[in-house]
Amino acid sequence: MFDLIIMLSRYAFIAYIVLFLWQGIVYVAYEQGGYLGNPYTAVSIQRRLVVLMHITAFLILSYNRETHLYDIPTLIFAAVSLIFILFAVKLLDRFFYEGCPLIWTGMLFLMDLSLIMLQRVEPYLAHRQLMWMCIGLAGMSFLPTFFRLIPRFEVFEWAYIIACYGLLLCTRLFGIAKGGSTNWLSFGIGPIDITFQPSEIAKFLFIFYLASVFRKRVEWKQFLTTAILSAGLVFLLVLQKDLGSALIFFMTYMVMLYIATSNEFLFLLGIGAASGAAAVAYKLFSHVRVRVAAWQNPWADIDTGGYQIVSSLFAITTWGLFGSGLTKGMPKSIPVVESDMIFAAICEEFGVIFGAGVIGIFIMILYRGVRIALDCNRRYYSILAAGVTTMISFQAFVILGGVIKLIPLTGVTLPFVSYGGSSVLVSLMMIGLLQWVCVYCEQQMREEQEQQELMELQMGGGWNE
């Protein structure tokens, strides 16, 4: 009987995510002058769907087939994480009440999916992930106060790039190897051993650096200085075998450069230089050749280099559009499933349609981020929003493309979904920054509109006199 419930739940999860995305379309249509429904009701429905997905998934995860009883620790974690989601909704409405609601709901959907999949794979990781989410949410709530205290933080451009180099050099000198890349730092606090990726923090600072530089007219001397410093960061990441982060840093730089200058020549020059550097890196670094070889033909080295991507492809394609059903797949057989390959596990148990819906949520966040960048009338904040949107979206593309063998697989996390304290923390802070820019733009537009109405009233009064 319970197996039948699991099989039926596959269609419920697909209905949740399809309806979730449809409500996003309803909201956007209203903004564009159309009407498919009430936008406030659409956001409310999205929040309820997150709760429904949470309850459905944890009722399945907590059931013990052998004893036919529900596992109490799992139910307790389900209740605590549900309280966290409901509290997050209230807290974000309190501190970012003028932010984009579609970004909030999309972020919460992905975070809840992360807790579900990590509870499925390794409950201990789910508990740690929830802890990092709480810390990230607290940091987001503090952002508005922090930005009000430092209104001119664009003047610290050299401090940002020096901090980026400091973080990556510390990793180069004192880092530990994990998952084939030497991009982790570890230190102990009593019996607790804490590891984190300095490159994740450097991503956040790198966006501030580029926005601070590109807020002004870019001269050739400044362009060369910024290009050399950015290339140095990418080179350090390649030396640490962190190819995914290197690619993300480079593409973020190129997109922000093009947005700031609208110069096609500089963009093509950067792409050409990167292509040449990639060819040189392929010849010089063995780990680059290993990743490319595994991408070209994983079956040729299936026992070692190609095993991870082959396992991912089997997981995605074996159960088809609707998946095997939650708890019916074998996600633990995929190497590093909790971080690098979590999307493959999602497709295996929830189905390819659900996986496509997850991609649709990232596209929704991308679209809303682009709208925020375009609507902002202050250049610096507009470039900041564009940088955050680019980095989150391209990071999602890099790992999703690697998992489905579209591009060579690199060890980066899927934002908000993969396990990783530093990744979740920085991703939440980036979204907080993006929403703060949205709030700033809304306030500026409202003030300009009020001033315009006041001027019209004054002109009208003077005419009547």
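Since this is a predicted model, take the numbers as computed values, not measurements. (Residues numbered from 1 in each chain as written. Predicted model: local features only at pLDDT ≥ 70, side-chain atom pairs only at ≥ 80, totals over all residues. Heavy atoms only, no water.)

### A few points about the overall build of the protein
Helix and strand content of the protein: 16 helices and five strands. Taking 2.2 N^0.38 as the reference for a compact globule, 465 residues should give roughly 23 Å; the C-alpha atoms of the protein span a radius of gyration of 23 Å, in line with that estimate. Principal-axis analysis of the C-alpha atoms places the extent of the protein at approximately 85 × 55 × 45 Å. The buried share of the protein, reckoned over its 465 residues, is 53%. (Helix = DSSP H or I, 4+ residues; strand = E, 2+ residues; numbered from the N terminus. Rg over C-alpha atoms; globule rule 2.2 N^0.38 Å. Buried < 20%, exposed > 50% of the residue type's maximum accessible area, 1.4 Å probe, protein only.)

### Details of the packing of aromatic side chains
Per the counting criterion, the structure on display carries 23 aromatic pairs. A centroid spacing of 5.2 Å and a plane angle of 75° characterise the contact between Phe204 and Phe208, whose relative ring orientation is edge-to-face. Taken together, the residues span about one helical turn, with Phe204 and Phe208 both in helix H7 (residues 198-214) at a distance of four residues. Accessibility assignment for this pair places Phe204 and Phe208 in one class, buried. By the ring-pair criterion, three or more aromatic residues cluster together here, those being Phe13, Tyr16, Phe20, Phe109, Phe350 and Phe354. Against the face of Phe95 rests Arg94, its NZ or CZ located 5.2 Å from the ring centre. The cationic tip of Arg378 hangs over the ring face of Tyr381; the distance from NZ or CZ to the ring centre is 4.4 Å. (Phe/Tyr/Trp six-rings, centres within 6.5 Å; stacked < 30°, edge-to-face > 60°. Lys NZ or Arg CZ within 6 Å of the ring centre and 35° of its normal.)

### Section: a nonpolar patch on the surface
Judged by side-chain polarity, Met1, Leu4, Ile5, Leu8, Tyr11, Leu321 and Phe322 come together as a nonpolar surface patch covering roughly 720 Å² of accessible area. In this fold, Leu8 is placed in helix H1 (residues 2-31). Here Leu8 falls in the exposed class, since its relative accessible area comes to 51%. (Patch = residues over 30% accessible without salt bridge, like charges linked within 9 Å, V, L, I, M, F, W, Y side chains within 5 Å. Areas by Shrake-Rupley, 256 points an atom, 1.4 Å probe, with all protein chains shown as cover. Salt bridge = Lys/Arg side-chain N within 4 Å of Asp/Glu carboxyl O.)

### Quick word on the packing of H7 against helix H15 (residues 379-403)
At their nearest, the axes of H7 and H15 sit 9 Å apart, and the two run at 145° to each other. In the packing of H7 onto H15, the handedness of the crossing is right-handed. Of H15, the residues touching H7 (which contributes Glu200, Lys203, Phe206, Ile207, Phe208, Ala211, Ser212 and Phe214) are Arg379, Tyr380, Ile383, Leu384, Gly387, Val388, Met391 and Gln395. For the contact of H7 with H15, the class distribution of residues is ten nonpolar, three polar and three charged. (Axes fitted to C-alpha atoms, helices over the stretch in contact; angles between N-to-C directions. Left-handed = near helix turned anticlockwise from the far one by under 90°. Contact = heavy atoms within 4.5 Å. Nonpolar A, V, L, I, M, F, W, Y, C, P; charged D, E, K, R; others polar.)

### Things to note about the packing of helix H4 (residues 101-121) against helix H14 (residues 352-375)
At their nearest, the axes of H4 and H14 sit 9 Å apart, and the two run at 145° to each other. Along this stretch, H4 crosses H14, giving a crossing that reads as left-handed. Residue-level contacts link Leu102, Ile103, Gly106, Met107, Phe109, Leu110 and Leu113 of H4 to Phe354, Val358, Ile361, Phe362, Met364, Ile365, Arg368, Gly369 and Ile372 of H14. Grouping the constituent residues of the contact of H4 with H14 by class yields 13 nonpolar, two polar and one charged.

### Description of the side chain of Thr74
Within the secondary structure, Thr74 is located in helix H3 (residues 72-95). A relative accessible area of 7% places Thr74 in the buried class. Within the structure, the side chain of Thr74 is placed 2.6 Å from the side chain of Asp71, a separation counted as a polar contact. Thr74 has contacts with Phe58, Leu61, Ser62 and Gln119, leaving out every residue within four places of it along the chain. (Polar contact = N/O pair within 3.5 Å; in protein donor to acceptor, adjacent residues only side chain to side chain.)

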